[in-house]
Amino acid sequence: MPLSLTDLLYGCIIPAVTALVLGLLAARTDTASSQGGDEKSKSALGDWLSSLGILIAFIAGVLVGYWLLALAPWTPKSHWHYWPYAVAIACGVAWLGENLLARFSILRYLLYAIASVPIAWYLIPTWSDLEPDRTTCIAVMTAICTLTAAGIDQTIRCPSGRFRSQDNYAHLTLVAFQFVAVCITFLSGSLRFTQLVMIPMACVVALQLFPSTRRMLHKLVFPISIAFIGLLVIAQVNSYSRVPKLAYLMVALSPCVPEVMRRVVGKDADSKDGEGEDAAVKNPASETEQAGWFSRIAVAYFW
């Protein structure tokens, strides 16, 4: 049975509006907190509140959609029933990472990897005929969730760490990743999981509409990774379709494409010019322009 208007209202429109309204309030709180006190305390308080606010906006949108669609009981009885709780836990982990390890990306990604293990443990079923075996599935999902979070994080940031708020192609890459994840889930043969994966997509797209919320999206990289990779894994293990496992893997790792291209192609270009990293520091505009081309390549990769 195809998606109905009620499905779109409950699974897309209402979650998107919920996430956007709360996201705008989080952005407003961030602005208000920066109007008093010394500069250091203003920055710390603003980061703390904005991180908490944008994460609440995202998980609220997801939970509202999950509740309205009523596709599963709140008390988990199957492995995929843990999905909303996994996203909620990912939001808590992301808040810790963004506030305690904001300047240490490697340690932040390590935290994401550690948190991905118990999440994968609950989302992967305990079937005896699981192919590959459950331990391998948990290890692969942990690695993919970490790489996807790192890929999204690097895609929507400049190499120097500044947020790439004006690079529309970087955000188009994120939209393309989500859209193809929805398509792959649909092709897996489950309308139920397709409805679920549309919820986080609607929330993220809504938060990309305004610059004030868009600039905080890097705080959501781990919840976004868990939400989409978790559902891709769930759809794959429950699928009887002919969609190859490689298709799921390619979609899952696609956010890493822009960063890989930047490091490989960009490094070669810099070495030929003899400018190295100093050139990016002297000319920040070229950095964003270069990143835009890598994001274009990533968008082309999906198709």
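Please refer to the structure placed before this passage.
To keep things clear, this report deals only with the structure shown in the data block. Remember, predicted model here, so these are calculated numbers, not experimental data.

1. A look at helix H3 (residues 83-100)
In an α-helix, one turn spans 3.6 residues; hence positions three or four apart end up facing the same way.
Consideration 1: Here H3 is 18 residues long and its end C-alpha atoms lie 26 Å apart, about the 26 Å a rise of 1.5 Å per residue gives.
Consideration 2: Within the sequence span of H3, burial applies to Trp-83, Pro-84, Ala-86, Val-87, Ala-90, Cys-91, Val-93, Ala-94, Gly-97 and Glu-98.

2. Some points on the packing of helix H5 (residues 134-155) against helix H9 (residues 221-237)
Consideration 1: Relative to each other, H5 and H9 sit at 135°, their axes nearing to 9 Å. Viewed along their axes, H5 and H9 adopt a mutual orientation that is oblique. Considering the relative orientation of H5 and H9, their crossing is right-handed. Across from Met-141, Ile-144, Cys-145, Thr-148, Ala-149, Ile-152 and Asp-153 in H5, the residues of H9 making contact are Val-221, Phe-222, Ile-224, Ser-225, Ile-226, Ile-229, Gly-230 and Val-233.
Consideration 2: Taken together, the residues that form the contact of H5 with H9 break down as 11 nonpolar, 3 polar and 1 charged.

3. As for the environment of Leu-101
Consideration 1: Here Leu-101 lies in the loop between H3 and helix H4 (105-123).
Consideration 2: Leu-101 sits 10 residues away from Leu-111 along the chain, and the two C-alpha atoms are 9.1 Å apart.

4. Some remarks on the nonpolar core
Consideration 1: Among the nonpolar cores identified, the biggest contains 78 residues, and Phe-58, Trp-83, Leu-196 and Phe-222 are the most heavily contacted of them.
Consideration 2: If you tally residues by element for this core, the top one is H9, at 13 residues.
Consideration 3: Contacts of Leu-196, omitting those with residues within four sequence positions, involve Tyr-66, Leu-71, Trp-80, Trp-83 and Leu-231.

5. Some thoughts on the pattern of salt bridges
Consideration 1: Applying the stated criterion to the full structure yields 2 salt bridges.
Consideration 2: Salt-bridge contacts for Asp-153 lead to Arg-108; the nearest nitrogen and oxygen are separated by 3.1 Å. In this pair, Asp-153 sits in helix H5 while Arg-108 sits in helix H4, placing the two residues 45 residues apart along the sequence.
Consideration 3: According to the relative accessible area criterion, Arg-108 is buried, its value standing at 2%.
Consideration 4: Via salt bridges that share partners, Glu-98, Arg-108 and Asp-153 belong to a single interconnected network.

Calculation rules
Residues numbered from 1 in each chain as written. Predicted model: local features only at pLDDT ≥ 70, side-chain atom pairs only at ≥ 80, totals over all residues. Heavy atoms only, no water. Helix = DSSP H or I, 4+ residues; strand = E, 2+ residues; numbered from the N terminus. Expected span 1.5 Å × (residues − 1). Buried < 20%, exposed > 50% of the residue type's maximum accessible area, 1.4 Å probe, protein only. Axes fitted to C-alpha atoms, helices over the stretch in contact; angles between N-to-C directions. Parallel < 35°, antiparallel > 145°, perpendicular 65-115°, else oblique. Left-handed = near helix turned anticlockwise from the far one by under 90°. Contact = heavy atoms within 4.5 Å. Nonpolar A, V, L, I, M, F, W, Y, C, P; charged D, E, K, R; others polar. Core = buried A, V, L, I, M, F, W, Y, C linked by side-chain atoms within 4.5 Å. Salt bridge = Lys/Arg side-chain N within 4 Å of Asp/Glu carboxyl O.

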